[in-house]
Amino acid sequence: MNPPVCPHCNQPSLRALDLPYGWWEWNGSKYVPCTASNGVDVAPWVHADCMSELREFHPADVVVPA
């Protein structure tokens, strides 16, 4: 079986992060707050590689063979 493909970057979702409240990222001189969404309604999961929302994704969902 293959993992689901991210609808934003078309790469396999090998890692999905549960980040509804965001994270802190180093910008070269200090940590700055980041979020996975442009709106208030944040998807509960994001693709770890491109950090885009995965609204329809849940890691406990059944994955079908490719």
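Located above this text is the structure these notes cover.
Worth saying up front: this structure is predicted, and the values here are computed from it rather than measured.

Our next topic: the packing of aromatic side chains. Any two aromatic rings considered together are summarised by their centre-to-centre distance and by the angle between their planes. Within the structure shown, the criterion is met by two aromatic pairs. Here the aromatic rings of tryptophan 26 and tyrosine 31 are separated by 4.9 Å at their centres, their planes lie at 65°, and the arrangement is edge-to-face. Since its relative accessible area comes to 52%, tyrosine 31 is described here as exposed. Between tryptophan 45 and phenylalanine 57 the ring centres are 6.3 Å apart and the planes differ by 80°, which places this aromatic pair in the edge-to-face class. Linking tryptophan 45 in the loop between strand E3 (31–34) and strand E4 (46–47) with phenylalanine 57 in the segment after E4, this pair joins segments that are twelve residues apart in sequence. Accessibility classification places tryptophan 45 together with phenylalanine 57 in one group, the buried group.

Within this structure, the stated rule accounts for one salt bridge. With a closest N to O distance of 3.5 Å, arginine 55 and glutamate 53 form a salt bridge. For arginine 55, a relative accessible area of 39% puts it in the partly exposed group.

Procedures and definitions
- Residues numbered from 1 in each chain as written.
- Predicted model: local features only at pLDDT ≥ 70, side-chain atom pairs only at ≥ 80, totals over all residues.
- Heavy atoms only, no water.
- Phe/Tyr/Trp six-rings, centres within 6.5 Å; stacked < 30°, edge-to-face > 60°.
- Buried < 20%, exposed > 50% of the residue type's maximum accessible area, 1.4 Å probe, protein only.
- Helix = DSSP H or I, 4+ residues; strand = E, 2+ residues; numbered from the N terminus.
- Salt bridge = Lys/Arg side-chain N within 4 Å of Asp/Glu carboxyl O.

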